Amino acid sequence: MARKTLTWTMTTMLSLGLVLSGCSSSTTENASSPQPAKETAKAAAESAQPAKKVTIKMMHLWPTGNSATQNKIVNDIIKEYQTANPNVTIEQEVLENEQYKNKMKVLSTSNALPDVGFTWAAGYMDPYVKGDMFAPLDDLLQGDLKDKFVNGTTNAYAFGGKTYGLPVELNIVPVYYNKAIFAKYNLQVPKTYDEFKNVVKTLSSNGVAPIALGNKDRWTGSLWYMYLADRIGGPETLKKAIDRSGSFNDPGLVRAASEITQLVDMNGFNKGFNGLSNDEGKAEFMNSKAAMYMMGTWELPNYTTNKDVPQAFKDQIGFFKFPTVDGGKGNLDSWVGGPGVGLFVANNSKVKEESKKFVSFFVQKWGEHAISEAGVIPATKVDTSKVKLPQMYIDLLNELNKASNITLFADVQMKPASAEVHLNMIQALFGKAVTPEEFAKKHEEALAKEGK
């Protein structure tokens, strides 16, 4: 995709006027006049004046209609900020998701982005960062936001060592499991991948689908591959293969593909999984026909607060972290997932510093409101002793607070053409239409062609 790099130049004119008085009597009068007192009085008067009026234009994507709770949270935060800063007015423009993306494209052509807005991570941000449209926000990460974020969440917003966006939402991917099915077959939550495979063997031999999967959507299967790549090769191996500082032919990435084919051979997934959508695959788990289901934390309401889901079923559901692989370089506290939207500040904003202060305030307040009011996990750490939530939320938040790493979804990390190859190869791998070696080779070819 062709991208334009926009360059702006600024010319600053400085004028200096010197008024000289040649009269000696004048000089005497000036010397005897109480000038310092006048200057002090002037300075005191200026400091007593109210702060300069500031208007910050903000654009977000939570309309009242389909995102009422998020919309309310935004308005509450703005009201709180304006109360604390009476000289500041926040003007909002609210658009639904696709309208928002289209408006961003239009505004970018004339470099007229709002002072503060929302962005998605990685590939979405790329043209805006290259066009010098987003301001670096690293100073905030060293200020009030220092150590506030879950480890790894801001990485997806970093380019060339600078951070151009601050995430407000976060999703990670646990393995949900049916405790009643596990108890029926005397199964324990697996801590190692060998233990996990024994769970799969036991369930399959008893005619129970071990794992619910709808891989027609392809990204669902990618989650399984990513965890294996992380646990075998470590959190940096896949990332380096994508950013071209490494290779997809890395033995750890090839072995991860091989483990997928072994799971398929073990009948680890529900029948017909490669032709089912994610919703169809999920139904196997929701109907207690499959024992496990690996998916993002956006599914949490189904197991906690969703009134349409029977309480008896919700009481049966637990979660566990993807197991470690013996001899692998990954650890149990490394998660696959990714931040949702994040805030940016326009680089050419005329109120850039005030906009940064508002963004810092917004991120912190969002973390306080989002989890308890909207059931949305924030990208900032949550003190679980101060919030009232279902126990599964509390347990996952506590796990997040000690996360060692968050590996961003592979297709989000990649450029569009490579992402499409990745998703196609995932489906081919699960369908045993390619070998692990061919899987790695196709990725390497696509990434090398696109470059970084």
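Residues numbered from 1 in each chain as written. Predicted model: local features only at pLDDT ≥ 70, side-chain atom pairs only at ≥ 80, totals over all residues. Heavy atoms only, no water.

**Q** I'm lost on the environment of Gln262 in this one. Help?
**A** If you trace the backbone, Gln262 turns up in helix α11 (residues 251–265). Residues Gln262 and Phe430, 168 residues apart in the sequence, show an inter-C-alpha distance of 9.7 Å. (Helix = DSSP H or I, 4+ residues; strand = E, 2+ residues; numbered from the N terminus.)

**Q** What exactly am I supposed to notice about the nonpolar core here?
**A** As a rule of thumb, nonpolar side chains are buried together in soluble globular proteins. One finds Met58, Phe134, Tyr176, Trp224, Tyr225, Met292 and Phe362 to be the most contacted residues of the largest nonpolar core, which totals 141 residues. Among residues more than four places away in sequence, those in contact with Phe362 are Met58, Val74, Ile77, Phe118, Val168 and Leu343. (Core = buried A, V, L, I, M, F, W, Y, C linked by side-chain atoms within 4.5 Å. Buried < 20%, exposed > 50% of the residue type's maximum accessible area, 1.4 Å probe, protein only. Contact = heavy atoms within 4.5 Å.)

**Q** Sorry, what's going on with the sheet that holds strand β1 (residues 54–60) here?
**A** What holds strands together in a sheet is hydrogen bonding between their backbones, with the strands either parallel or antiparallel. Pairing within the open sheet is mixed, and its 5 strands lie in the order β2-β1-β3-β13-β6. The open sheet is flanked by β2 (88–94) and β6 (166–167), the only strands paired with a single partner. Relative to β2, β1 runs parallel, the two sharing 7 bridges. Along β2, the bridge assignment pairs Ile56 with Ile90. (Pairing = 2+ DSSP bridges.)

**Q** Please clarify how helix α3 (residues 68–84) should be interpreted in this entry.
**A** Taking 1.5 Å per residue as the helical rise, α3 with its 17 residues ought to reach 24 Å, and the 25 Å between its terminal C-alpha atoms agrees with that figure. Among the residues of α3, Gln70, Asn71, Ile73, Val74, Ile77, Ile78 and Tyr81 are the ones counted as buried. Projected down its long axis, α3 shows its buried positions confined to an angular sector of 160 degrees, all on one face. Of the residues in α3, the exposed ones pointing more than 90 degrees away from the buried face are Lys79 and Thr83. Looking at the buried residues of α3, the elements they touch are β1, β2 and α14 (352–374). (Expected span 1.5 Å × (residues − 1). Arc of directions from axis to C-beta.)

**Q** Would you explain the pattern of salt bridges in this entry?
**A** Two side chains with opposite charge may pair up if their charged atoms get near one another. One pass over the structure, following the stated rule, counts 19 salt bridges. The salt bridge partner of Glu420 is Arg218, with a shortest N-O separation of 3.0 Å. With Glu420 in helix α17 (residues 416–430) and Arg218 in the loop between β9 (209–212) and α9 (219–233), this pair connects stretches of sequence that are 202 residues apart. According to the relative accessible area criterion, Glu420 is partly exposed, its value standing at 39%. Residue Arg218 is classed as buried on the basis of its relative accessible area of 17%. Note that Asp265 is salt-bridged to Lys432, the shortest N-O span being 2.6 Å. (Salt bridge = Lys/Arg side-chain N within 4 Å of Asp/Glu carboxyl O.)

**Q** I'm lost on the packing of α17 against helix α18 (residues 436–450) in this one. Help?
**A** What describes two packed helices is the angle between their axes and the distance between those same axes. Running from N to C, α17 and α18 cross one another at 175 degrees; their axes reach a closest spacing of 9 Å. As the angle between them shows, α17 and α18 are arranged roughly antiparallel. Side by side, α17 and α18 meet where Pro416, Ala417, Ser418, Val421, His422, Met425, Ile426 and Leu429 of the first sit next to Pro436, Phe439, Lys442, His443, Ala446, Leu447 and Glu450 of the second. Tallied by class, residues from the contact of α17 with α18 come to 10 nonpolar, 3 polar and 2 charged. (Axes fitted to C-alpha atoms, helices over the stretch in contact; angles between N-to-C directions. Parallel < 35°, antiparallel > 145°, perpendicular 65-115°, else oblique. Nonpolar A, V, L, I, M, F, W, Y, C, P; charged D, E, K, R; others polar.)

**Q** How should I be thinking about the environment of Lys105 in this particular structure?
**A** Along the chain, Lys105 turns up in helix α4 (residues 97–109). Between the alpha carbons of Lys105 and Tyr128 there is a distance of 9.5 Å; along the sequence they are 23 residues apart.

**Q** How should I be thinking about the packing of aromatic side chains in this particular structure?
**A** The description of an aromatic ring pair rests on the distance of the ring centres and on the angle between the ring planes. The full count for this structure, using the stated rule, is 33 aromatic pairs. Summarising the aromatic geometry, the rings of Tyr227 and Phe322 are spaced 4.9 Å apart at their centres and angled 0 degrees between planes, so their arrangement reads as stacked. On the criterion of sequence distance, the pair formed by Tyr227 in helix α9 and Phe322 in the loop between β11 (317–320) and β12 (334–339) is long-range, its members being 95 residues apart. Each ring, one from Tyr303 and one from Phe313, has its centre 6.5 Å from the other, and the planes form 55 degrees; the classification is tilted. Here Tyr303 is found in the loop between β10 (290–294) and α13 (311–314), whereas its partner Phe313 is found in helix α13, with 10 residues between them in sequence. (Phe/Tyr/Trp six-rings, centres within 6.5 Å; stacked < 30°, edge-to-face > 60°.)

**Q** Honestly, the layout of surface pockets in this entry has me stumped. Any pointers?
**A** Take a probe with the size of a water molecule and roll it over the atoms, and the empty space left behind shows itself. The computed volume of the second largest pocket comes to approximately 280 Å³. Surrounding the second largest pocket, 16 residues form its lining, Lys57, Ala112, Leu113, Pro114 and Asp115 being those nearest its centre. The element that contributes the greatest number of residues to the lining of the second largest pocket is β1, accounting for 4 residues. Residues belonging to the lining of the second largest pocket are distributed by class as follows: 6 nonpolar, 4 polar and 6 charged. (1 Å grid on protein atoms, 1.4 Å probe; cavity = no way out; pocket = protein on both sides within 12 Å on 5 of 7 lines; lining within 4 Å. Points joined across faces, edges and corners; volume = space filled by probe spheres on them.)

**Q** I keep staring at the packing of α9 against α17 and nothing clicks. Help me out?
**A** For the pair α9 and α17, interaxial distance at closest approach is 9 Å and the crossing angle is 80 degrees. Judged by the angle between their axes, α9 and α17 are roughly perpendicular. Facing α9, whose interface residues are Trp219, Gly221, Ser222, Trp224 and Tyr225, α17 presents His422, Leu423, Ile426 and Phe430.

Remember, this is a structural readout, not a statement about activity or role.
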